[in-house]
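What follows is each chain in one-letter form.
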Amino acid sequence: MIDYLIIGSGLAGIAFSEVALQNRKSIFVMDNNSQNSSKIAGGLYNPVILKRFSEVWKAEEQLLLMESFYDVVESKLKTKVDFKKPILRKFFSVEEQNNWFAASDKKTLTPFLSTELVTKKYSGIESPYNYGEVLQTGHVDTEVLLKKYREYLLKSGIFTESSFEYRVLEIFPDHIRYKDIEAKNIVFAEGFGMHSNPYFRHLPLDGTKGELFIIKAPELVLDVILNTSVFILPLGNDLFKVGATYNWKEKTNLPTEKGKLELIDRIKEIITCDFEIVEHFAGVRPTVKDRRPLVGTHADYHSIHILNGLGTRGVMLGPSMAKELFNYIENKIPLDKEIDIKRFLPKGQK
């Protein structure tokens, strides 16, 4: 009997797999490759919500944990996935500059917002009001991470690419059985695919569709991540990842003409040089209306757990949420009430 059967190998599934393995637990991972939001994600980690100038929930704690987490993963995979890189916010007015400096005086934001304007001029961008720099930032190459980690799991004989059949799951008081797999616990980390899960589809997981581009812009010279109405992430060889849109109504992985036009308009607000769209892709982010992840154990089945709802900040949230769930299952350490799925139970059942 293994310790954990894990369903899903996006950012949430990989994070839990790695936490379990680091704690010497046996696992098996299944994924049908139907969800691609982790694969196409920008992978940015940024401790500040720049639209509202507020700190990301528990940002310092998440940044500290993710640094050591990805160091271990890079060593295991023998592949670089975590790239520390400044994020700059382009200012469009003196008022935006003033708002930045006012925000940098906030106690929670002082560690993350530089008070020195970045005056460097980048080819292909007009910036008369300069830039503000966010500190402790970078990006994780999610496509490489997912590909290499799945290869590692496959090579270890603990991964299969197949769909999970819920009706086949057998539940016992202290374990579960799925076909020929017996496990003490099963963790569902399915992203937006949770809506097909009979054990957790009552939870208010919303899907936010995002569309992104890979563009080629030879005249754009950029060695930082630019983040305004969209982010522009340099990939090398004159290529840049640009995103993302937010669509709360449509729930498909198909790119749209509307999304394409929206991204083009936003890019033209930021850069002045020509660009070519090399690739246009889309995915549905697993988001929750209260902006907190879905972590916890089924109310009736103590071997069935969930790790979901990481939203747009999966590379930051994944390691810390996986650790919280693991400690809850193994060490009976209570979950933070803000992430525990019990918050959605009727008042009399909490």
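It should be noted that the structure appears before, not after, this text.
These remarks concern the structure in this document. (Residues numbered from 1 in each chain as written. Predicted model: local features only at pLDDT ≥ 70, side-chain atom pairs only at ≥ 80, totals over all residues. Heavy atoms only, no water.)

Before going further, it helps to spend a moment on the sheet that holds strand β17 (residues 239–243). Think of a sheet as strands paired side by side through backbone hydrogen bonds, with each pair either parallel or antiparallel. Strand order in the open sheet formed by seven strands is β8-β7-β15-β16-β17-β14-β18, and the pairing between neighbours is mixed. Each end of this open sheet is capped by a strand with a single partner; those strands are β8 (131–134) and β18 (276–288). Neighbour to neighbour, the strand axes of the sheet diverge by 25° on average, direction disregarded. Alignment of strand β14 (residues 205–216) against β18, held across twelve bridges, turns out to be antiparallel. For Gly 207, the partnering residue across the bridge sits in β18 and is Pro 286. Against the sheet, helix α6 (residues 257–270) touches β7 (87–90), β14, β15 (225–227), β16 (231–236), β17 and β18, its axis set at about 60° to β14. (Pairing = 2+ DSSP bridges. Helix = DSSP H or I, 4+ residues; strand = E, 2+ residues; numbered from the N terminus. Axes fitted to C-alpha atoms, helices over the stretch in contact; angles between N-to-C directions. Contact = heavy atoms within 4.5 Å.)

Let us look at the pattern of salt bridges. A complete count under the given rule lists 19 salt bridges for this structure. Between Asp 3 and Lys 184 there is a salt bridge, and its shortest N-O distance comes to 3.3 Å. Residue Asp 3 is found in strand β1 (residues 2–7), and its partner Lys 184 is found in strand β13 (residues 181–188); the two are separated by 181 residues along the sequence. The partly exposed category is assigned to Lys 184, whose relative accessible area is 41%. For Lys 148, the salt bridge goes to Glu 151, with nearest N and O atoms at 3.9 Å. Of this pair, Lys 148 and Glu 151 both sit in helix α5 (residues 142–155), separated by three residues, roughly a single helical turn. Accessibility expressed as a relative area gives 30% for Lys 148, which makes it partly exposed. Judged by its relative accessible area of 37%, Glu 151 falls in the partly exposed class. (Salt bridge = Lys/Arg side-chain N within 4 Å of Asp/Glu carboxyl O. Buried < 20%, exposed > 50% of the residue type's maximum accessible area, 1.4 Å probe, protein only.)

Looking now at empty space enclosed by the protein. The full count for this structure, using the stated rule, is one cavity of 30 Å³ or more. Volume-wise, the largest cavity comes out at about 40 Å³. The wall of the largest cavity is formed by Leu 11, Ile 14, Ala 15, Phe 69, Tyr 70, Leu 145, Gly 314, Gly 318 and Pro 319. Contributions of two or more residues to the lining of the largest cavity are made by α1 (11–22), α3 (59–77) and α7 (314–331). Looking at the lining of the largest cavity residue by residue, the classes come out as seven nonpolar, two polar and no charged. (1 Å grid on protein atoms, 1.4 Å probe; cavity = no way out; pocket = protein on both sides within 12 Å on 5 of 7 lines; lining within 4 Å. Points joined across faces, edges and corners; volume = space filled by probe spheres on them. Nonpolar A, V, L, I, M, F, W, Y, C, P; charged D, E, K, R; others polar.)

On to α6, then. Over its 14 residues, α6 runs 21 Å from end to end, which matches the ideal 20 Å to within 8%, given 1.5 Å per residue. Looking only at α6, the buried set comprises Gly 259, Leu 263, Ile 264, Ile 267 and Ile 270. With its buried residues spanning 135° around the axis, α6 presents them on a single face. Exposed positions of α6 whose direction lies more than 90 degrees from the buried face are Glu 257, Lys 258, Lys 268 and Glu 269. Those residues of α6 hidden inside the fold are in contact with β7, β14, β15, β16, β17 and β18. (Expected span 1.5 Å × (residues − 1). Arc of directions from axis to C-beta.)

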